[in-house]
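# Inside the fold
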Amino acid sequence: MSSNSFAYNEQSGGGEATELGQEATSTISPSGAFGLFSSDMKKNEDLKQMLESNKDSAKLDAMKRIVGMIAKGKNASELFPAVVKNVASKNIEIKKLVYVYLVRYAEEQQDLALLSISTFQRALKDPNQLIRASALRVLSSIRVPIIVPIMMLAIKEASADLSPYVRKNAAHAIQKLYSLDPEQKEMLIEIIEKLLKDKSTLVAGSVVMAFEEVCPDRIDLIHKNYRKLCNLLVDVEEWGQVVIIHMLTRYARTQFVSPWRQGDVLEDNEKDFYDSDEEQKEKADKRKRPYAMDPDHRLLIRNTKPLLQSRNAAVVMAVAQLYWHIAPKSEAGIISKSLVRLLRSNREVQYIVLQNIATMSIQRKGMFEPYLKSFYVRSTDATMIKILKLEILTNLANEANISTLLREFQTYVKSQDKQFAAATIQTIGRCATSITEVSDTCLNGLVCLLSNRDEIVVAESVVVIKKLLQMQPMQHGEIIKHMAKLLDSITVPVARASILWLIGENCERVPKIAPDVLRKTAKSFTSEDDLVKLQILNLGAKLYLTNSKQTKLLTQYILNLGKYDQNYDIRDRTRFIRQLIVPNEKSGALSKYAKKIFLAQKPAPLLESPFKDRDHFQLGTLSHTLNTKATGYLELSNWPEVAPDPSVRNVEVIELAKEWTPAGKAKKENPDKKFYSESEEEEDSSESSSDSESESGSESGEDEEDDRSGDSAEDSGESGSEPEAGKGRAATRSRARGRGDSKDVDKEKENSKTSESSSGESSSIEESSSDSESESESESESESRKVTKEKEKKTKQERNPLTKDVSLLDLDDFNLVSTPVALPTPALSPSLIADLEGLNLSATSSVISVSTPVFVPGKTHVLLHRMSGKGLAAHYFFPRQPCIFGDKMVSVQITLNNTTDQKIENIHVGGKKLPMGMQMHVFNPIESLEPAGSITVSMGIDFCDSTQTASFQLCTKDDCFSVNIQPPVGELLLPVAMSEKDFKKEQGMLSGMNETSTTIIAAPQNFASSVILQKIVNVANVGVVPSGQDNIHRFAAKTVHSGSLMLVTVELKEGSTAQLIINTEKTVIGSVLLRELKPVLSQG
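Within any chain, residue numbers begin from 1 and follow the written order of that chain's sequence. Where local features are concerned, this predicted model is filtered to residues with pLDDT of at least 70; where side-chain atom pairs are given and counted, the filter is 80 or more; whole-chain, interface and lining totals use all residues. Heavy atoms throughout the structure, all of them, feed into the side-chain values; hydrogens and water do not.

Test applied: UniProt positions are given in the numbering used here, feature names are shortened, and annotations may be inferred rather than shown by experiment.
With an unreviewed UniProt entry as reference, the protein chain is termed AP-3 complex subunit beta, source organism Bos indicus x Bos taurus. Regarding the protein chain, the UniProt comment filed under Sequence similarities (unreviewed entry) reads as follows: "Belongs to the adaptor complexes large subunit family."

## Brief notes about the overall build of the protein chain
Heads up, the condition is: Secondary structure follows DSSP: runs of H or I at least 4 residues long count as helices, runs of E at least 2 residues long count as strands, and numbering of each begins at the N terminus. Pairs of residues are marked as contacts when any of their non-hydrogen atoms sit within 4.5 Å. Reported accessibility uses the Shrake-Rupley method at a 1.4 Å probe radius. Residues are deemed covered only where the shown protein chains occlude them.
For the protein chain, the count of helices and strands is 44 helices and 16 strands. The contacts of the protein chain with a sequence gap of at least 6 include a subset with a gap of at least 24, amounting to 68%. When the accessible surface of the protein chain is totalled, it reaches about 53,800 Å², and 52% of it is carbon and sulfur.

## Details of the sheet that holds strand β3 (residues 872–877)
To be explicit about the condition: What makes two strands pair is DSSP finding at least two bridges between them. Fitting a line to C-alpha atoms yields each axis, with helices limited to the stretch in contact; the angle taken between N-to-C directions then spans 0 to 180 degrees.
If you walk across this open sheet you meet the five strands as β2-β3-β4-β8-β6, and the pairing is antiparallel. A single partner strand is all that each edge strand has here, and the edge strands are β2 (861–864) and β6 (919–921). Between one strand axis and the next, the sheet turns by 30° as a mean value, whatever way the strands run. Bridge count between β6 and strand β8 (residues 934–942): three bridges; the pairing is antiparallel. Bridge pairing in β8 links His921 to Gly940.

## Re the state of the cysteines
How we decide: To count as a disulfide, a pair of cysteine sulfur atoms needs to be within 2.5 Å. Only protein chains enter the calculation, and the probe is 1.4 Å; a residue is then buried if its accessible area is under 20% of its type maximum, exposed if over 50%, and partly exposed in between.
On inspection of all chains with the given rule, the structure shows one disulfide. Between the sulfur atoms of Cys955 and its disulfide mate Cys960 the distance is 2.4 Å. In this structure, the disulfide formed by Cys955 and Cys960 twists by about 110° around the S-S bond and is classed as right-handed. Given the relative accessible area of 46%, Cys960 is considered partly exposed.

## Here we look at the confidence of the model for the protein chain
What counts is decided by this rule: Every residue carries a pLDDT, the predictor's confidence in it, which falls somewhere between 0 and 100.
Averaged over all residues, the pLDDT of the protein chain equals 76, while 74% of them reach at least 70. Here residues 794–828 is a poorly scored stretch, pLDDT under 50, and it has 53 contacts once near neighbours within four places are set aside; other chains count. This model gives residues 834–846 a pLDDT under 50, and the stretch forms 27 contacts once residues within four places in sequence are excluded.

## Structural notes on the packing of aromatic side chains
What counts is decided by this rule: Pairs were defined over the aromatic rings of Phe, Tyr and Trp, the Trp ring being its six-membered one, requiring ring centres within 6.5 Å. Orientation was assigned from the angle between planes: stacked under 30 degrees, edge-to-face over 60, tilted for the rest.
The final tally for this structure, using the stated rule, is 10 aromatic pairs. Ring centres of Phe80 and Tyr101 lie 6.0 Å apart, and the angle between their planes is 40°; this geometry places the pair in the tilted category. A residue pair is termed long-range when its members are at least 10 positions apart, and Phe80 in helix α3 (residues 80–84) and Tyr101 in helix α4 (residues 92–105) qualify at 21 residues. Taking the centre distance of 4.9 Å and the plane angle of 45° together, the rings of Tyr101 and Tyr105 count as tilted.

## Focus: the side chain of Thr427
Within the secondary structure, Thr427 is located in helix α23 (residues 418–434). The class of Thr427 is buried, set by a relative accessible area of 6%.

## Observations concerning the sheet that holds strand β10 (residues 960–965)
The antiparallel open sheet is built from four strands, whose spatial order is β7-β5-β9-β10. Single-partner strands in this sheet number two, and they are β7 (926–929) and β10. The sheet shows a mean angle of 35° between the axes of neighbouring strands, taken without regard to direction. In this sheet, β7 lies alongside strand β5 (residues 904–913) in antiparallel orientation, the contact comprising three bridges. Within β7, the position partnered with Ile904 by the bridge is Leu929.

## Concerning the nonpolar core
To be explicit about the condition: Among buried residues, those of type Ala, Val, Leu, Ile, Met, Phe, Trp, Tyr and Cys that are joined through side-chain atoms within 4.5 Å constitute a nonpolar core.
Residues Ile66, Tyr101, Leu102, Leu339 and Phe375 are the most contacted members of the largest nonpolar core, which totals 197 residues. In terms of residue count, the dominant contributor to this core is helix α18 (residues 313–326) (10 residues). If we skip the residues at most four places from it in the chain, Ile66 touches Leu47, Leu51, Ala76, Leu79, Val83 and Tyr101. Phe878, Ile907, Leu954 and Val1040 belong to the second-largest nonpolar core, a separate cluster that totals 31 residues.

## Remarks on the pairing of strand β14 (residues 1032–1039)
The buried fraction of β14 is high, at seven of eight residues. In terms of strand pairing, strand β11 (residues 973–977) meets β14 through three bridges, oriented antiparallel. Opposite Leu973, over in β14, you have Thr1039 as the bridge partner. With antiparallel pairing between neighbouring strands as the criterion, strand β13 (residues 1023–1025) and β14 make up a hairpin whose turn holds six residues. One ladder, built from seven bridges, connects β14 with strand β15 (residues 1045–1052); its direction is antiparallel. Directly across from Ala1037, in β15, lies its bridge partner Met1046. Hairpin connection, β14 to β15: the antiparallel pair is bridged by five residues, and Gly1043 has positive phi, about 75°.

## Things to note about helix α24 (residues 439–449)
Listed in full, the buried residues belonging to α24 are Ser439, Cys442, Leu443, Gly445, Leu446, Val447 and Leu449. Contacts from the buried residues of α24 go to α22 (402–413), α23, α25 (455–471) and α26 (477–486).

## A short note on the packing of α23 against α24
Just so we agree on the cut-off: Oblique is the label for every angle not falling under 35 degrees (roughly parallel), over 145 degrees (roughly antiparallel), or within 65 to 115 degrees (roughly perpendicular). By convention the crossing between two helices is left-handed if the near helix lies anticlockwise of the far one by an angle smaller than a right angle, and right-handed if it lies clockwise.
It is at 8 Å that the axes of α23 and α24 come closest, and there the two elements cross at 155°. Comparing their axes, α24 and α23 come out roughly antiparallel. Regarding α23 and α24, the two cross each other, and that crossing is left-handed. Here Ile425, Ile428 and Ala432 of α23 lie close against α24, whose contacting residues are Ser439, Cys442, Leu446 and Leu449.

## Examining the packing of helix α43 (residues 1009–1019) against helix α44 (residues 1067–1082)
Selection rule: Just so you know the grouping, Ala, Val, Leu, Ile, Met, Phe, Trp, Tyr, Cys and Pro go in nonpolar, Asp, Glu, Lys and Arg go in charged, and all remaining residues, Gly too, go in polar.
Axis separation between α43 and α44 bottoms out at 10 Å; the angle between their running directions is 140°. What the angle tells us is that α43 and α44 run oblique. The handedness of the crossing between α43 and α44 comes out as right-handed. Contacts between α43 and α44 involve Lys1015, Ile1016 and Val1019 on the former and, on the latter, Leu1073, Glu1076, Leu1077, Val1080 and Leu1081. Class assignment for the residues of the contact of α43 with α44 results in six nonpolar, no polar and two charged.

## What about a nonpolar patch on the surface?
Quick note on the threshold: Excluding any residue in a salt bridge, patches collect residues exceeding 30% relative accessible area, merging like charges within 9 Å and nonpolar Val, Leu, Ile, Met, Phe, Trp and Tyr side chains within 5 Å. Counted as salt bridges are all cases of a side-chain nitrogen of Lys or Arg within 4 Å of a carboxyl oxygen of Asp or Glu.
A cluster of nonpolar residues, Leu590, Tyr593 and Ile597, forms a patch on the protein surface that exposes about 290 Å² of accessible area. Look at Leu590 and you get exposed, because its relative accessible area is 52%.

## Things to note about the layout of surface pockets
Definition in use: Lining residues are defined by having an atom within 4 Å of a point belonging to a cavity or pocket. Those points lie on a 1 Å grid over the protein atoms alone, cavities being sets where a 1.4 Å probe fits but cannot get out and pockets being open sets with protein on both sides within 12 Å along at least five of seven lines. Grid points are joined across faces, edges and corners, and a volume is the space filled by probe spheres set on the points. Just so you know, the domain bounds were taken from an automatic or database domain assignment.
In this model, the second largest pocket occupies a volume close to 890 Å³. Val854, Phe855, Val856, Pro879 and Arg880 are the residues nearest the centre of the second largest pocket, which is lined by 30 residues in total. Mapped onto the lining of the second largest pocket, the elements with two or more residues apiece are α21 (383–396), α43 and α44. For the lining of the second largest pocket, the class distribution of residues is 12 nonpolar, 10 polar and eight charged. Here the lining of the second largest pocket spans two domains, and each of domain 2 (849–967) and domain 3 (971–1082) adds at least three residues to it.

## Considering the environment of Ile219
Within the element layout of this structure, Ile219 appears in the loop between α11 (201–214) and α12 (220–223). C-alpha of Ile219 to C-alpha of Met247: the two residues are 28 residues apart in sequence and 9.7 Å apart in space. Setting aside residues no more than four positions away along its own chain, Ile219 makes contact with Tyr251, Thr254 and Gln255.

## Considerations on the pattern of salt bridges
With the rule as written, the count across this model stands at 32 salt bridges. Residue Glu331 pairs with Arg298 through a salt bridge whose shortest N-O separation is 2.8 Å. Linking Glu331 in the loop between α18 and α19 (335–341) with Arg298 in helix α17 (residues 295–304), this pair joins segments that are 33 residues apart in sequence. With relative accessibility at 29%, the residue Arg298 sits in the partly exposed group. Salt bridges here are not isolated pairs; linked through shared partners, they connect Arg227, Asp294, Asp296 and Arg649.

## Structural notes on helix α10 (residues 185–196)
Applied cut-off: Here the expected length of a helix is defined as 1.5 Å per residue gap, with one fewer gap than residues. Working definition: the arc comes from the directions between the helix axis and the C-beta atoms, pointing outward to the latter.
For α10, spanning 12 residues, the distance from its first C-alpha to its last is 16 Å, which sits close to the expected 16 Å at 1.5 Å a residue. Taken residue by residue, α10 has Leu188, Ile189, Ile191, Ile192, Leu195 and Leu196 as its buried positions. Burial along α10 is one-sided: seen end-on, the buried residues are contained in an arc of 165°. Of the exposed residues in α10, the ones pointing more than 90 degrees away from its buried face are Glu186 and Glu190.

## Thoughts on the environment of Phe855
With respect to the helices, strands and loops of the structure, Phe855 is situated in the loop between β1 (849–850) and β2. Judged by relative accessible area, which is 70%, Phe855 ranks as exposed.

This is the structure in structure tokens:
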């Protein structure tokens, strides 16, 4: 019986007891195999003995191992009784780990957890804030209705705790208690109202999350705290920022008038001429209202702007949706650059961001037109990303950029990703319908695709052509005849059905072809797909009504076949058509209208974006992603016609000032009080014109002083026990508030010693906000300088004609100069017509460009074995994509694994031993790699078109290991797209000494097209060249370093032989590649 035990730590050495994870002995009973740990009774006993030991060091060691087991996802629930005994331990470290364990298993082991509930209640009074917070977390994790009153009391006490970390956990517990007992809602709302007034940035995000879960409709609770939340937003942790921004977006839609009205009102100016003077005055008053944005509305937009530079994609997305939903349309454009920046993230983030951009680009094209190149499809993109980028490119298409986009689409159609190629064809169809100037060109290009060798491309082209012809059927009789001829070769059901429908609709325009098509399809009726059978029936009915002399018997034959078909839909359609078109005694009144019914004018289909109807969902939400309302989704309300009273957001500062006045100094400070009260009255009288940000800043500063004056003892007494809370706050600072933060910290320290006046605090807050604004301005200036340098660099690169072709790999997305500006043109210029004619894919172009590699599973090679690397293992593979470090370098990806239980630090590349001319771009040093951790890094190596070994040292903090990378010859190539004509021309120039060939003998089944393609691309990174001959297969590539062409031809001979020919200037590489391909093609 094998053991299920796991190793949790290395042997400590010496004469210590056997460690956890030692293999089970042969004395284990078979019954112990059903539990994860019961198979090793010795190990469980050791843990329990250590937990019951009198030594804290043994207990601490045991708890560390148990928590480590939990972190690795292993079940440690059997140890609950032994762990829970230590909940009253006096050792702080042990107690923390015990609470971590209990939070994980309290819900599963409720009965045992309830036995220790008195201990948890005592821990709520512990002097250490971490213990108090952990006790509250454990208590709220016990999901038993009987302890609801105890939980409620604990939450109330914790909400008034001096430590913001404990108050934060109280806000988390509110959500757990509400899900356990919704009847406690009213009491929980009181606690939420109290916590919303909290001035700590640590608490803000958590309490707003509790508000959203418990009472999202209680907008009145937000009024007094609105300005404070806006001002604290930049300093809140990232998770909290997302929650607060979404809540404030909903709040703004209910409290402020629409900032978008001004555009609608301006359109009414023409009607003023006919109105009386009084009506004009009324309209003028209405026109003035939208321009006066509420100061609180402006405060929210201004304070969220710095967060567009956040490192967290969720925060940037939240700010983007806020600007989209509540900012004036003229200001919403700033989010486009931030969203485009997120496209550098991983594919999951890209997917969400592109979905939201697709929705935005339908309504406001101008926002993303300057960044058109950012949405070009790259070879490394996943299919879902490619299709979303296609959607956005279609939305951004206009008369100015359509020629560029159609050239891009021409490349995409040749992609090996068939789903993507089909989506591209649909995109071309949508462009043809939206931009009428290019509709004929697009249609001709799609007709040329009908001769493509790929059946999926042909089928999709047929479907799109059918939709386009519906819009202008009178002009294209020749295309319908051409498609009728394709019916013999096309097998995809949707395409066959589309052709039959087109012929049926236009049967009077092709009177000779339609009956013959019906005759052919009648022969194959029984073997057709159900979709095709229905269209055959429809075609027969239409021809019976228009040309009954030729097709009467054929139609009756088809109706008889359909009468006994296995599918009930076809049987029903057959009975329906027979009664409608064949007159008899039972025929009803409808039979005389049969021709009008079948040959009625059909409405043209609308080729619309699938994202058109998603704009009613809030951007960035799950509902928007799924395009259906998800559980818990809160809809955005419509803008109010009249803004609610803005005074509800004013906070009464005077009463707070009276509360702050010390009792002993009341008489002395009476004049000051009178002075402040007068100034406050003046402020109240001029509230509408005052700056809301500075006012809210002073309020928050004064409230913070009130909070801090009572907390000074806590600050001094618990400064040592608040490292995690302080670290969390510091880590979530935004870059835009860098210098303001240090001033806020200094101000808090001063507040703990002495109290300052409200005017002093307001000035300090204004100072910090101005500092933050100036810093953000300086950052923007440095950014603009950086963009200018990039533009200069770009103009230099454009002088080189080689870089101009690789438009898909151009990473300079922010070059606004090179992007065509969308200007409406009355007619197409001759140059544009010439560009659009390039959509014809008959492969007449002589341009040779790098193409997308054919996907093959990556072959991994060992770089460093874990035994040789003292626990550090390294593997490498070639991803077959252009190297980002240099045009002449081969991209290499290295995966590093830490197989030890200790952190490996400072992993970097040391000394390099490279042959003459070879270059290497190393990865950035890795600071640390956690135990069992893994990380993948990229390198670039210029092998100089040779298979020589690149030797270098892979170093850690303590050791260096010599490693080698030797490339297979096939990885020194990049696939090339070229026509058959260009291939033959280049092959003729590379004959004689530049040609090597050999004869291959293999079984006939090994010479199938798909088998040859798979075998060759597995060995070499080559592109497929279309061939007009079935017995000749051609492949093309170029070497990475020198760009020399590598042409591979496989010519099938009679019998079981074939000739393999390689033409290249690099004869050494050619002969090596020949030697590697020959055995691969020969074997079965």
